[in-house]
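Structural description and commentary
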Amino acid sequence: MEKKDYFDLYREMVIIRRIEERAAELYQKGKIGGFLHLYIGQEAVSAGIGSVRQPQDRLITAYRDHGWAISAGIDPKVVMAELLGKVDGCSQGKGGSMHMADVEKNFWGGHAIVGAHIPIAAGLALGDVYQGNKDAITICMFGDGATNIGFFHEGLNLSKVWNLPVLWVCENNMYGMGTSIDRASAVSEIRQKAEGYGMPNERIEGMDVMQVREDVARVLEVIRKEGGPYLLEILTYRYRGHSMGDPERYRGKDEVKKWEAEDPIGIFRRYLINEGIGTEEELDEQDAQAEEIVEEAVDFAEASPDPEDEALFEHIYAEPTPVEYRGYALSQESEGK
Amino acid sequence: MARMTMREAISRALWEEMERDERVFIMGEEVGVWGGTYAVTKGFYDRFGEDRVRDTPIAEAAIVGGAIGAALTGARPIAELMTINFAFVAMDHIVNEAAKLHYMFAGQFKLPLVIRAVSGGGRQLGATHSQTPDAVFAHFPGLKVVSPGTPADAKGLLKSAIRSDDPVLFIENATLYQSKGEVPEDEDYLEPLGKSKVQREGDDVTIVAYSKMVPDALKAAERLAEEGIEAEVVDLRSLRPLDMDPVIASFKRTNRAVIAEEGWRSYGVGSEVAARIYELAFDFVDAPVKRVAQAEVPLPYNAKLEQLALPQVEDIYHAAKEVIYG
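Residues numbered from 1 in each chain as written. Chains lettered and ligands numbered in written order. Predicted model: local features only at pLDDT ≥ 70, side-chain atom pairs only at ≥ 80, totals over all residues.

A few points about the overall build of chain A
If you tally the helices and strands in chain A, you get 12 helices and 10 strands. Relative to its length of 337 residues, chain A is compact, with a C-alpha radius of gyration of 20 Å against a globular reference of 20 Å. Summarising its shape, the C-alpha atoms of chain A cover approximately 65 × 50 × 45 Å along the three principal directions. Looking at chain A as a whole, 52% of its 337 residues qualify as buried. Taking the contacts inside chain A whose residues are at least 6 apart along the sequence as the reference set, 72% of them involve residues at least 24 apart. (Helix = DSSP H or I, 4+ residues; strand = E, 2+ residues; numbered from the N terminus. Rg over C-alpha atoms; globule rule 2.2 N^0.38 Å. Buried ≥ 20, exposed ≤ 12 C-beta atoms within 10 Å, placed from the backbone. Contact = placed C-beta atoms within 7 Å.)

Structure, rendered in structure tokens:
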């Protein structure tokens with residue numbers, strides 16, 4: 001890694017943090033609707049994995065997806081515009097917080113039904129294998145809470161039976177909404193669930209981005225060389241509630257404080273200084289740049305227009321298909337785009 | 001043209017499309033080595049191999065979810081659900097994923113996906129294996145729901161579904177697999193998705209039907225003809241999108257309609273079609289529209305009771321006479 005790469009990675013993590021903080025404010029002001037699940041505290045996971053995946057590797061995740069959108073390479077402006085439901089958002093305002101994607105960047109969403117994207121991820125890998133796309137790995141993230149639903153087990157089983165190149169990543173933040181892992185899962189060590197499918201697995205720390213990079217790069221190499229699925233349980237922590245509507249009665253302030261002392265951005269910053277890669281001043285400069293990028297993103301998103309009314313009937317189908325509007329067939333067909 | 005069963009017509013459509021396009025593959029329970037539980041894919045495994053005719057675990061979410069993922073990458077999977085009753089196990093992937101992904105991500109995701117499933121009762125399989133829940137799936141925008149009533153349509157519609165870039169739920173009826181008809185042998189014979197079709201012309205009464213109710217409606221029409229009543233039979237063929245044009249054109253001539261479906265009456269296909277007739281052709285109504293449907297019970301195992309619950313040719317015949325004579 002060159003100095004610039006370290007700084008880019010650091011700045012990316014700060015951008016994710018600032019985007020989420022600004023999103024929380026905009027949510028309170030009523031500018032962001034629906035549900036909002038913040039990624040604060042988990043930045044080392046998306047930044048770490050995003051920085052070691054190859055362009056042919058597909059990313060797919062659950063609804064806590066803003067960090068992943070940034071780490072997949074989507075412009076913060078486009079992420080913020082989607083949060084505000086604007087036409088310049090990555091899903092043109094039709095997806096919102098939980099449904100970000102950019103196929104050009106091999107980022108396949110943003111899926112909001114817990115665990116439902118897990119069989120789809122197996123299918124992405126199946127598509128690559130079927131079409132002979134060599135060296136492509138599907139990297140699929142989900143929370144600890146998703147490992148108790150049937151989809152998880154059907155998806156893992158299929159990936160092993162068909163030896164599909166999938167890196168299953170459990171971002172274990174220890175709570176499925178407000179229910180702690182030991183109250184919801186028969187085993188609190190999620191990696192054990194892969195044992196039942198004869199699948200190689202590991203549990204790693206997720207607060208140190210350099211460690212995440214090293215471990216994930218190594219595992220991706222194993223999958224590329226040997227094929228087949230692999231499950232990584234990455235221990236992480238979200239500092240904010242499950243969503244903006246979370247009363248957080250299930251954990252104490254001390255617990256959150258303890259984890260904040262292990263802040264992934266703080267850890268990486270100390271690492272960069274201790275290793276002599278950057279100075280306090282240089283990193284402050286990166287912080288300022290991140291701040292500026294996020295403020296520009298907010299300005300861009302606020303200025304971006306709502307989608308036109310016609311957008312309501314676009315994208316229902318890929319092919320031209322008659323559509324209905326309140327009981328009357330529209331004179332024109334759905335554009336089929 | 002060749003005379004063949006609906007089973008052969010479906011099998012032929014699958015075979016031809018797999019020969020034509022290497023991106024097309026089949027995945028489902030017992031589709032390969034077994035040859036398909038209804039023998040639709042008999043011989044496919046030997047011809048196309050295990051990569052293209054993939055036996056899956058008995059795990060419907062993995063079948064449909066996996067097929068969705070593969071479709072997103074540009075492959076053209078055909079996911080087979082042994083029966084539509086098992087589609088409930090994959091309900092999330094059908095209605096929450098397949099029907100939504102193209103729209104929700106503003107057209108970035110394309111799903112050239114076909115889900116084949118067998119619907120209908122009458123084979124003494126009991127309440128959980130005999131349902132006709134087609135209308136449930138037709139409720140969801142984003143999904144195309146197709147269900148043929150003749151062997152020719154089965155071939156032409158299935159080939160169109162496989163070539164479509166949209167997710168299509170292709171509903172077959174097991175009691176029709178042995179039904180015979182003339183089928184075009186042309187390998188590019190396609191029937192358009194989302195278009196209803198007049199299967200028999202007549203000026204006295206309109207009978208709207210789809211799937212198994214099409215041959216039943218045609219039988220009822222023959223009996224009516226013996227009494228000098230000419231029924232027009234309109235085959236919906238597609239439940240979503242629903243093409244009302246041939247129905248309305250017919251109704252404006254006959255001013256009377258019977259709608260026949262194998263599923264339950266409440267919130268069903270007949271409810272939708274009847275409502276649209278009233279909305280679009282109220283001035284042409286000479287008699288209340290009649291719905292013929294399944295008795296509102298879970299289907300029993302006993303053959304006599306089961307047939308008592310299922311709509312019969314007799315029911316269509318009597319309903320037609322009622323809308324004519326009151």
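Still more ground to cover, so stick around.
Points about the interface of chain A and chain B
Taken together, the contact pairs 38 residues of chain A with 37 residues of chain B. Sorting the residues of the side of chain A that touches chain B by element identifies strand E2 (107-110), helix H5 (117-130) and helix H6 (150-161) of chain A as the ones contributing at least two each. For the side of chain A that touches chain B, the leading source of residues is H5(A), giving 10 residues.

Looking at H5(A)
Residue and element names in this part refer to chain A. Under the 1.5 Å per step criterion, the end-to-end length of H5 is 19 Å for 14 residues, consistent within 8% with the ideal 20 Å. Here H5 lies mainly inside the structure; 14 of its 14 residues are buried. Just downstream of H5, Gly-132 is the residue with a positive phi angle, here 70°. (Expected span 1.5 Å × (residues − 1).)

Notes on the packing of H5(A) against H6(A)
All names here are of chain A. Close contact between H5 and H6 brings their axes to 7 Å; oriented N to C, the two are set at 20°. The orientation of H5 with respect to H6, classified from their angle, is roughly parallel. Between H5 and H6 lies a crossing whose hand is left-handed. On H6, the residues touching Ile-118, Pro-119, Ala-121, Ala-122 and Ala-125 of H5 are Phe-151, Phe-152, Glu-154, Gly-155, Leu-158 and Ser-159. In terms of residue class, the contact of H5 with H6 is built from 8 nonpolar, 2 polar and 1 charged. (Axes fitted to C-alpha atoms, helices over the stretch in contact; angles between N-to-C directions. Parallel < 35°, antiparallel > 145°, perpendicular 65-115°, else oblique. Left-handed = near helix turned anticlockwise from the far one by under 90°. Nonpolar A, V, L, I, M, F, W, Y, C, P; charged D, E, K, R; others polar.)

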